[in-house]
Amino acid sequence: MPAPIARFFRHPVVPAAKPAGASVPHCIIVTGPRHAGKVSWLQETIHAVRADQPSARCAVLIAEEGVTEMERFAQAVPGVTVHRFFLPCQCCPAAADLPRHARALAEASGADWLFVALPVLPATGLIAEFDALVHWPREVVVCLDADWSEARRTRTLSFFQFQLVSAADRVIETRAQPVFDYPSSRQHELRCDPAAVLTLA
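None of the values given here were measured: they were computed from a predicted structure. (Residues numbered from 1 in each chain as written. Predicted model: local features only at pLDDT ≥ 70, side-chain atom pairs only at ≥ 80, totals over all residues. Heavy atoms only, no water.)

Asker: Explain unusual backbone geometry here, please?
Answerer: Glycine aside, the phi torsion of most residues is negative, and most peptide linkages are trans. Positioned with a positive phi, H35 is a non-glycine residue whose angle comes to about 65°. As for its placement among the helices and strands, H35 is situated in the loop between strand 1 (26-32) and helix 2 (38-52). Phi is positive for H135, close to 65°, though the residue is something other than glycine. Following the sequence through the fold, H135 ends up in the loop between helix 5 (123-133) and strand 5 (138-144). On the basis of relative accessibility, which here comes to 60%, the residue H135 falls in the exposed class. (Helix = DSSP H or I, 4+ residues; strand = E, 2+ residues; numbered from the N terminus. Buried < 20%, exposed > 50% of the residue type's maximum accessible area, 1.4 Å probe, protein only.)

Asker: Quick question: what am I supposed to make of helix 5 here?
Answerer: Spacing of three or four residues puts side chains on the same side of an α-helix, whose turn is 3.6 residues. Of all the positions in helix 5, only A123, L126, I127, E129 and F130 are classed as buried. For helix 5, the angular spread of buried residues about the axis comes to 160°, placing them on one side. Buried positions along helix 5 lie against strand 1, helix 4 (98-109), strand 4 (113-119), strand 5 and helix 7 (159-166). Following helix 5 by one or two positions, H135 adopts a phi angle in the positive range, close to 65°. (Arc of directions from axis to C-beta. Contact = heavy atoms within 4.5 Å.)

Asker: Hey, could you run me through helix 2 in this one?
Answerer: Helix length check: helix 2, at 15 residues, gives a terminal C-alpha distance of 21 Å against a target of 21 Å (1.5 Å per residue), a fit within 8%. For helix 2, the tally of buried residues reaches 12 of 15 residues, placing the bulk of the element in the interior. Every buried residue of helix 2 is accounted for by K38, V39, W41, L42, Q43, E44, T45, I46, A48, V49, R50 and D52. (Expected span 1.5 Å × (residues − 1).)

Okay, here's the thing in structure tokens:
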């Protein structure tokens, strides 16, 4: 995968380019607690995609949190579409009908990359429904705030937190420290300040 995306997605789950005639977008699902840097991560990632593939079309499917900021971002960055979907009840993920929204947005926007931003509470159920009904290759990214990061380091994650982090293909920790990455037993992890994502060597 060419730079700068190669610097951002080490060992990516999705391919660098879609096969000729393919209609399935690269799909990345991002979730995590509030103020964990999800929107900043999305924006930096989209900038990286657009820098490497100027003609790429990116679509963002997002629940309530961060919608306004992403809509402003889409107005400023060509080739980006943002669509909000409503969660009637965070305890009943199926009520949101995520698969239908994902398919409709991908088709309407002609997206090469589809980013799905989910609130942390219903994320596990929504991801399971997406996998069961959509069947697209996807990568799950979980952004951690300071409290989640500390609980992870001290092995005091709740069962809910542990299940979500364990299901992630990539874990992003937001800290005020230099950027580095390293392998783990389950996934390749990245600890970073979102503003410094593209400084990876």
